[in-house]
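Read off the chains here:
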Amino acid sequence: MPFLNLGLCKPIVQAIEDLGYTTPTPIQKQAIAIIISGKDLIATAQTGTGKTAAFVLPILEIFNKQRQLRGKRIRALILTPTRELAVQVAANVADYSKHLTLSSMAVYGGIDTEPQKQRLSEGIDILVATPGRLLDLAHQRALYFDELEVLVLDEADRMVDMGFGAEINKIIERLPEARQNLLFSATMSDEVLALVDGFSDGAMSSTAVELSISPKTTTAPNIEQWLITVDKDRKSALLSHLITDQKWDQALIFIEKKHGAAKLVDQLSKRDIVADAIHGDKSQASREKILADFKSGKLKYLVATGVAARGIDIGELSRVVNYDMPFKPEEYIHRIGRTGRAGAAGEAISFVAWGDFKNLCAIESRLNHVINRKEVDGFPVRKVVPVSILNYVRKNKPPQPKYHSQDRAPSNTSATKAEHGPETRKNKNIWG
Ligand code: AMP
């Protein structure tokens, strides 16, 4: 089914053809028509499914028909959990709207507010924002929400995990009740549903549609997942060995701690491998520069803490490495969703040390299968990692690392709900 059949006008279709998209992804096939019809939507779709275009394209279609904008007003607000995702989504909006006259921008923390205020003074059709900076700008009366038509919560589960629930509710209190609401989340946890329930009275129409595109328990089929059990003190040697031996062209390497990221970059450099790291302690400008270098291929190996890596979208990313296993299975799914995007093949490799056994059990229980194990010559393990128990239920709580103010601490809870199939919620107002 070509994009024209989805009710998108020629300038929009032209823009996506310019990007090389030929066929809509499953979420785009379903969501675009629903959003154009003006309905509210709750979609379970993980990153890499083409979800950004699924909500941006119909918004452009709706807005293109009627253009009216006053100073300091916005028509669509897209809330994202991180700066990197805000920048990424805004870049997508700019690409998709390049043949239209609609305006868009991203506002996020870590950079001067003045240029953002100046641009807002003329009004912006589509604003992508992180919650903290948006509230800051609203308090400074740099923007008003009275003409807002559409609210998008992108990666809602991540926003909840990062502790943005209260800020989101504060933003929602300021929005007009008559608006279209779109929520996208990789997982539909109790906390996300509570966020939906907390939305102000009458905000959600009784015909809100629920879509579930990729089952939250699985990952994209075109991602080859494998793991290597390794002693903790041999991880950097193993990584260097794989990079060199398997001639990796590119890798996004997830690591738990900021200081660990810097140390790993040093260890790699001692073995003549040039890598760089992004984490919350780096300035926004330096994070953006490193990301741009990684995307362009100038930098081949990027070490990133989970939070900093959120929102990274590199079309051709071939490989992610879990240098440290994440505590939450959702995090594992998010991370490996960085590769194998929109149909491309990808590889996700996890380094599993003896101490990661419980994390591995939780992840494999969520996937409902064990991850293929490979052995690498020269790396025998002293402490063997047993095979997982697939009905593992975790009793302990996640460790609580000290987070930088930009790297918000995740919450402890990760209960999830049963999957929702495509369904229209009739006679039930779930957003208020
Ligand atoms: P997202 O899930 O929105 O993060 O998108 C993942 C990647 O897929 C991005 O690099 C998009 O540019 C790309 N993409 C989105 N829609 C399509 C499509 N219909 N065909 C090919 N690539 C797409």
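Each value, and the rule that gives it
- Residues numbered from 1 in each chain as written.
- Predicted model: local features only at pLDDT ≥ 70, side-chain atom pairs only at ≥ 80, totals over all residues.
- Heavy atoms only, no water.
- Buried < 20%, exposed > 50% of the residue type's maximum accessible area, 1.4 Å probe, protein only.
- Helix = DSSP H or I, 4+ residues; strand = E, 2+ residues; numbered from the N terminus.
- Pairing = 2+ DSSP bridges.
- Core = buried A, V, L, I, M, F, W, Y, C linked by side-chain atoms within 4.5 Å.
- Contact = heavy atoms within 4.5 Å.
- Near = heavy atom within 4 Å.
- Polar contact = N/O pair within 3.5 Å; in protein donor to acceptor, adjacent residues only side chain to side chain.
- Domains from an automatic or database assignment.
- Axes fitted to C-alpha atoms, helices over the stretch in contact; angles between N-to-C directions.
- Parallel < 35°, antiparallel > 145°, perpendicular 65-115°, else oblique.
- Nonpolar A, V, L, I, M, F, W, Y, C, P; charged D, E, K, R; others polar.
- Arc of directions from axis to C-beta.
- Salt bridge = Lys/Arg side-chain N within 4 Å of Asp/Glu carboxyl O.

Visitor: Any chance you could explain the pairing of strand β12 (residues 319–322) here in plain terms?
Guide: It is a general feature of regular strands that their side chains alternate between the two faces of the sheet. Of the two faces of β12, both are covered, the one formed by Arg 319 and Val 321 as well as the one formed by Val 320 and Asn 322. Inspection of the sheet shows strand β9 (residues 251–255) paired to β12 by three bridges, in the parallel sense. Within the sheet, the bridge partner assigned to Phe 254 lies in β12 and is Asn 322. Two strands pair when backbone bridges link them, and β12 and strand β13 (residues 346–352) are joined in this way by four bridges, in the parallel orientation. Counted as the bridge partner of Asn 322 is Ser 350 from β13.

Visitor: Where do I start with the nonpolar core in this structure?
Guide: Counting residues in each nonpolar core, the largest one holds 44 residues, and the members touching the most others are Leu 41, Leu 57, Ile 78 and Leu 182. Take this core: its biggest share by element is eight residues, from helix α3 (residues 51–65). Leu 77, Val 107, Ile 168 and Leu 175 belong to the second-largest nonpolar core, a separate cluster that totals 35 residues.

Visitor: For this particular structure, what's the right way to read the environment of Val 321?
Guide: With respect to the helices and strands, the residue Val 321 is situated in strand β12. C-alpha separation for the pair Val 321 and Ala 251, spaced 70 residues apart in sequence, amounts to 6.8 Å. If sequence neighbours within four positions are ignored, Val 321 has contacts with Leu 239, Trp 248, Ala 251, Leu 252, Ile 253, Phe 254, Ile 349 and Phe 351.

Visitor: I'm lost on helix α10 (residues 235–245) in this one. Help?
Guide: Owing to its 3.6 residues per turn, the α-helix aligns residues three or four sequence positions apart on the same side. Among the eleven residues in α10, eight count as buried, and that is most of the element. Three or more residues of α10 are buried, namely Lys 235, Ser 236, Ala 237, Leu 238, Leu 239, Ser 240, Leu 242 and Ile 243. Looking at the packing, one finds that the buried side of α10 touches β8 (223–229), β9, α11 (258–270), β11 (301–305), β12 and β13.

Visitor: I would appreciate a short explanation of the sheet that holds strand β14 (residues 372–373) in the present structure.
Guide: In any sheet, the strands associate via hydrogen bonds between backbone groups, in a parallel or an antiparallel arrangement. The strand order across the open sheet built from seven strands is β10-β11-β9-β12-β13-β8-β14, with neighbouring strands paired in parallel fashion. The two strands at the open ends of the sheet, each matched to only one other strand, are β10 (275–278) and β14. By the bridge criterion, four bridges tie β10 to β11 in an arrangement that is parallel. For Ala 277, the partnering residue across the bridge sits in β11 and is Val 303.

Visitor: Just to check I follow, could you spell out the site of the ligand for this structure?
Guide: Around the ligand sit 15 residues in total, of which Tyr 21, Gln 28, Gly 48, Gly 50 and Thr 52 are the nearest. Contact between the ligand and Thr 23: a nitrogen atom at 2.9 Å from a main-chain N or O atom of the residue. If you count residues domain by domain, the shell around the ligand takes at least three from each of domain 1 (3–216 + 413–426) and domain 2 (223–405).

Visitor: It is not clear to me how the packing of helix α14 (residues 329–336) against helix α15 (residues 357–367) should be interpreted in this structure. Could you clarify?
Guide: For any two helices packed against each other, one specifies the inter-axial angle together with the distance between the axes. Look at α14 against α15: their axes get within 8 Å of each other, and the N-to-C directions meet at 70 degrees. Here α14 is positioned roughly perpendicular relative to α15, judged by the angle of their axes. Each of Pro 329, Glu 330, Tyr 332 and Ile 333 in α14 lies in contact with α15, whose residues at this interface are Ala 362, Ile 363, Arg 366 and Leu 367. Classifying every residue of the contact of α14 with α15 gives six nonpolar, no polar and two charged.

Visitor: Explain helix α1 (residues 10–18) here, please?
Guide: Along α1, the residues classified as buried are Ile 12, Val 13, Ala 15 and Ile 16. Take α1 and look down its axis: the buried residues cluster within an arc of 160 degrees, on one side only. Buried-residue contacts for α1 involve α3 and α4 (83–96). Of the residues one or two after α1, Gly 20 is the one with positive phi, at around 90 degrees.

Visitor: Where do I start with the pattern of salt bridges in this structure?
Guide: In a structure, side chains of opposite charge can pair up when their charged atoms sit close to one another. Overall, the coordinates contain 25 salt bridges when judged by the stated rule. Here Asp 146 ties to Arg 73 by a salt bridge, and the two come within 2.8 Å at their closest N and O atoms. With Asp 146 in the loop between α6 (131–139) and β5 (150–153) and Arg 73 in the loop between α3 and β2 (74–79), the pair connects residues that are 73 residues apart, well separated along the chain. Relative accessible area serves as the criterion here: at 45%, Asp 146 is assigned to the partly exposed category. Across the salt bridge formed by Glu 331 and Arg 158, the nearest N and O atoms sit 2.4 Å from each other. Here Arg 158 lies in helix α7 (residues 156–161) and Glu 331 lies in helix α14, a separation of 173 residues in the sequence. Both residues of the pair, Glu 331 and Arg 158, belong to the buried class. Each of Arg 70, Arg 73, Asp 146 and Glu 147 takes part in one network of salt bridges that share partners.

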